[in-house]
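# Examining the three-dimensional arrangement
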Amino acid sequence: MTRTPRDRQDRPGKPAARLGRAGKSAPASDEKTVIIHGAVPPRDILMRFLAENPDKASKRDIAKAFGLKTEARVELKALLRELEADGLLEKKRNALVRPGALPPVTVLDITTRDKDGELIGRPAEWPEDAGVAPAVAIRQSTVGKSKGKTPVGGLGDRVLAKIFPAKDRAGPAYTARIIKVLDRRVNNNAALGVFRATPGGGGRIMPIDKRGEELLVESGGTIEAQDGDLVEVEISRLGRFGLPRAQVKAIIGSVATEKAISMIAIHAHGIPYIFPDAVIKEADAAGAASMSHREDWRSLPLITIDPADAKDHDDAVHAEPDPSPDNPGGVIVTVAIADVSYYVRPKSALDREALKRGNSVYFPDRVVPMLPERISNELCSLKQGVDRPALAVRMRFSKEGRKASHTFHRIMMKSAAKLSYQQAQAAIDGNPDDQTGPLLEPILKPLWAAYATLTVGRNRRQPLELNMPERKIILKGDGTVDRVFVPDRLDAHKLIEEMMIQANVAAAETLEVKRQRLIYRIHDAPSLAKQESLREFLATLDISLMKGGNLRSNHFNGILSTAVDKPYETMVNEMVLRSQSQAVYSPENIGHFGLNLMKYAHFTSPIRRYADLIVHRALVGVLGLGEGGITPAEEAELDDIAAEISTFERRAMAAERDTVDRLIAHHLSGRVGEEFTGRVSGVTKAGLFVTLPDYGANGFVPISTLGRDYFVYDEAHQSLAGEKTGLGYRLGDETTVKLVEAVPLAGALRFEMISEGRKMPTATRSFHKAGRRGSGAHKQPGTRPPRGRR
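Residues numbered from 1 in each chain as written. Predicted model: local features only at pLDDT ≥ 70, side-chain atom pairs only at ≥ 80, totals over all residues. Heavy atoms only, no water.

### A word on the overall build of the protein chain
A count of helices and strands for the protein chain gives 20 helices and 35 strands. The 790 residues of the protein chain split such that 49% are buried. Put simply, 66% of the contacts in the protein chain that link residues at least 6 apart link residues at least 24 apart. On the protein chain, roughly 36,800 Å² of surface is accessible, and the fraction owed to carbon and sulfur atoms is 50%. (Helix = DSSP H or I, 4+ residues; strand = E, 2+ residues; numbered from the N terminus. Buried < 20%, exposed > 50% of the residue type's maximum accessible area, 1.4 Å probe, protein only. Contact = heavy atoms within 4.5 Å. Areas by Shrake-Rupley, 256 points an atom, 1.4 Å probe, with all protein chains shown as cover.)

### With respect to the nonpolar core
In terms of nonpolar packing, the biggest core is built from 49 residues, with I303, V333, V335, L444, L447, M499 and F603 touching the most fellow members. The element that contributes the greatest number of residues to this core is helix α13 (residues 491-513), accounting for ten residues. Aside from chain neighbours lying at most four places away, what touches L447 is I303, V317, H318, A319, L495 and M499. By size, the runner-up hydrophobic cluster in this structure holds 48 residues, among which are L534, L551, I664 and A697. (Core = buried A, V, L, I, M, F, W, Y, C linked by side-chain atoms within 4.5 Å.)

### Focus on the pairing of strand β27 (residues 687-692)
Judged by how many residues are buried, β27 sits mostly within the fold: five of six residues are covered. Bridging between strand β26 (residues 675-684) and β27 involves five bridges; their strand directions are antiparallel. Bridged to T684 within β27 is G687. The loop that links β26 with its antiparallel partner β27 comprises two residues. Following β27, the chain reverses through four residues before pairing antiparallel with strand β28 (residues 697-702); G696 in that reversal takes a positive phi of roughly 70 degrees. (Pairing = 2+ DSSP bridges.)

### Some details on the packing of helix α12 (residues 440-461) against α13
Two elements in contact, α12 and α13, have axes whose closest approach is 10 Å; the angle formed by their N-to-C orientations is 65 degrees. Taken together, the axes of α12 and α13 lie roughly perpendicular to each other. In the crossing of α12 with α13, the sense of the turn from one axis to the other is left-handed. On α13, the residues touching L447, W448, A450, Y451, L454, R458 and R461 of α12 are D491, A492, K494, L495, E497, E498, M499, I501 and Q502. Residue composition of the contact of α12 with α13, grouped by class: nine nonpolar, one polar and six charged. (Axes fitted to C-alpha atoms, helices over the stretch in contact; angles between N-to-C directions. Parallel < 35°, antiparallel > 145°, perpendicular 65-115°, else oblique. Left-handed = near helix turned anticlockwise from the far one by under 90°. Nonpolar A, V, L, I, M, F, W, Y, C, P; charged D, E, K, R; others polar.)

### A short note on the confidence of the model for the protein chain
Averaged over every residue, the pLDDT of the protein chain is 83; the share at 70 or more is 83%. In the model, residues 1-31 has pLDDT below 50 throughout and makes 74 contacts with residues more than four positions away in sequence or in other chains. Every residue in residues 763-779 scores below 50 in pLDDT, and together they form 32 contacts with partners more than four places removed in sequence or on other chains. (pLDDT = per-residue confidence, 0-100.)

### Looking at the pattern of salt bridges
Here the structure, examined in full by the defined rule, presents 38 salt bridges. The partner of R345 in a salt bridge is E627, with the nearest N and O atoms 3.7 Å apart. Of the two residues, R345 is situated in the loop between α8 (340-343) and α9 (349-357) and E627 in the loop between α17 (610-622) and α18 (632-636); the sequence distance between them amounts to 282 residues. Counted as one network, the salt bridges with shared partners bring together R458, R461, E465, R489, E497 and E498. (Salt bridge = Lys/Arg side-chain N within 4 Å of Asp/Glu carboxyl O.)

### Brief notes about the packing of α13 against α17
Running from amino to carboxyl end, α13 crosses α17 at an angle of 45 degrees, the nearest separation of the two axes being 10 Å. The orientation of α13 relative to α17 falls into the category oblique. When the axes of α13 and α17 are compared, the crossing they make is left-handed. Mapping the contact onto sequence places A507, T510 and L511 in α13 and V615, A618, L619 and V622 in α17. The residue inventory of the contact of α13 with α17, partitioned by class, reads six nonpolar, one polar and no charged.

### Quick notes on the environment of Y451
Take Y451: it is sitting in helix α12. In sequence terms Y451 and I496 are 45 residues apart; their C-alpha atoms lie 8.6 Å from each other.

### Let's talk about unusual backbone geometry
Even without a glycine there, the phi angle at Q462 is positive, about 55 degrees. Judged by relative accessible area, which is 34%, Q462 ranks as partly exposed.

### Some points on the side chain of T436
In this fold, T436 is placed in the loop between α11 (421-428) and α12. Look at T436 and you get buried, because its relative accessible area is 0%. Excluding its chain neighbours within four sequence positions, the residues that come into contact with T436 are L419, Q423, A427 and L444.

### Structural notes on α11
An α-helix turns once per 3.6 residues; consequently, residues spaced three or four apart project the same way. Three or more residues of α11 are buried, namely Y421, A424, Q425 and A427. Each buried residue of α11 sits inside an arc of 160 degrees when the element is viewed along its axis, so together they form one side. Tucked inside the fold, the buried residues of α11 contact β14 (303-306), β21 (417-420), α12 and α13. Of the residues trailing α11, G430 is marked for its positive phi of about 100 degrees. (Arc of directions from axis to C-beta.)

### A short note on the packing of aromatic side chains
One pass over the full model with this rule turns up five aromatic pairs. Ring geometry for Y342 versus Y343: centroids 5.1 Å apart, planes at 85 degrees, classification edge-to-face. Here Y342 matches Y343 in class, with each residue buried. Ring centres of F689 and F700 lie 4.9 Å apart, and the angle between their planes is 55 degrees; this geometry places the pair in the tilted category. Separated by eleven residues along the polypeptide, F689 in strand β27 and F700 in strand β28 bring together distant segments of the chain. The ring of Y342 is capped by R345, whose NZ or CZ atom sits 5.3 Å from the centre of that ring. Above the ring of W297, the side-chain terminus of R394 is found at 4.3 Å from the ring centroid. (Phe/Tyr/Trp six-rings, centres within 6.5 Å; stacked < 30°, edge-to-face > 60°. Lys NZ or Arg CZ within 6 Å of the ring centre and 35° of its normal.)

### Describing the environment of L545
Note on placement: L545 falls in the loop between α14 (528-539) and α15 (553-563). A relative accessible area of 7% means that L545 is categorised as buried. In this structure the C-alpha to C-alpha distance between L545 and R535, which are ten residues apart in sequence, comes to 5.6 Å. Apart from residues no more than four positions distant in its own chain, L545 is found in contact with Q531, L534, R535, L538, L551 and I559.

Dropping the structure here:
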């Protein structure tokens, strides 16, 4: 079984901090930690200090608090490394926290009140495999209110808050003070649901997720909503008996067509999708950019290469051999990015709305853009043959793919061509069309030659190379699903991706050299606990993963290459992906583990990501490139901005995922009773998750429906196996399942297993026997056998 952090704490020979609520290490008593200056504290004292002072959790803060000098700091570093290895601490950004603990500053959603009327929030970001998100008591300072200094939150609000460990052990594990209200819900009694008419007038509101509850709408409160309409309601009365009462306030649209499904996600996740009048007015008033502080690059044949259905084009590329004699065989790569910072200035209406959104959100049937179309699809879209302002980076690479130098420029450009990935690839493959034919020799072939050079450097760097194909949904004209497919992964895609990565690296490097604060894109190494889980799983396949905290992306690539063309290839890719940390935005740099880069920032998509806009402003300001640079006030807010846009990115991903789930469930709802080929994509104590590869859809097979046996859950082997028969199912197994239920509004599918389980490996069956002797295996009943056979 996987050893959890607590298992490691309980190993003999090493004292551990006592576990408090929800398995988190806690101080041994409520007494204040006694600090002896000049001495490295014992493990228990250090853990208590970190629990009481989460805002002083960096190595520097700890050394300062305990008054440690040079030699003692070396000893402290060794102690902290030991605590990390034991799973008692983990590094988040620049601070050390207890596993599962909230960081000192967290984005919270205020969800409810306790019995005393105090507001309760929960972290907006929380890993699905970490259980229930911890409750946080919101402390509203009356002094702050009277002086107008402390923001006041309400139910439904999203806030940035300072986190403190709770002193009262009877309540939530944390308390918080609001730093800033990020998104205020105007009507805290509002809810979203589907209206179902009832005879005689009125109706009921059916919730759009499993956690919602049904509401009653009396006649006169429907504002002519029709059966099947997606509506927003205001809860008007919560009685002691019967269903809560509500009134319809807005009709969003019918859910009879799948075009409304993305709107459910937009409302459910609180994604702003209507631009305020002030924002539209500001966008409409914007005009063509001037040549002030710009270089004229309109004669350089930069081209855009994008998806065929792209409406905005924010990046263009060009490449040529380096003519310099001191770089034989080298290349010059130029990447030009739309100059959004010229139009969207700090604290303007456009800027405030862009930060509120954080990024564009992409659904199969629509895009919710970060910026109005006047900016994103017109003034900042690098259209073919049209003058457009841009920020460009010119990079010189040696023939070995090593970057020799780079420079940034604020330019005026004119795109020489707008190509799709398929067009560009077809031309290189020997099938040019009328547009790409004239571009082949002067533009496309030099680009591919430069890509070959960059690939040499990429192969040496060895970023993480997961093989997890993404599926694309194509809709018909009426909004229903036409087909689901995996697009081909072309060299044209890889070329643009690698050139964008190099431009992002150059931006981070320039700002670091200039000592300019910025927002990095960071990706931490897998936690020790996740490494251990992966190691135990791989051991069941006779694949080894080295121990220690110094794993690099190339170690995982070795694992992935071992699994190529094996029956378990998909399973290994999935498990390696699950072991990875989540990439986020931060002003503190820890590098990007997945890309195997030490300095990385997002620079290449300011039309659709606010982080890139910040990097553009930082470059404009520090390089003296004219108007639209970063301001001191904005620099001071980078920590808050990074936390916000990281949260908004998670929000967008969740909304996009929910919409795809609902679309597929809607698409398959008419095929209940049919059998499908699937693959086991998740194993839990409660049953199996099965993915339909042809659709990218996930459904659940409850353990109670698997058969007439008792099933044992083996976490290390990611399997469920019958205790008596030894037959079972394992992550990655191909199966045949029958669809028995589809719930489109919840995006849920339920399957029945048709395939008979296979014999589990000897090691797994031995584990099951050990589990009966108390190894910690989880035994779950399937369909009960007759009484005499129990």
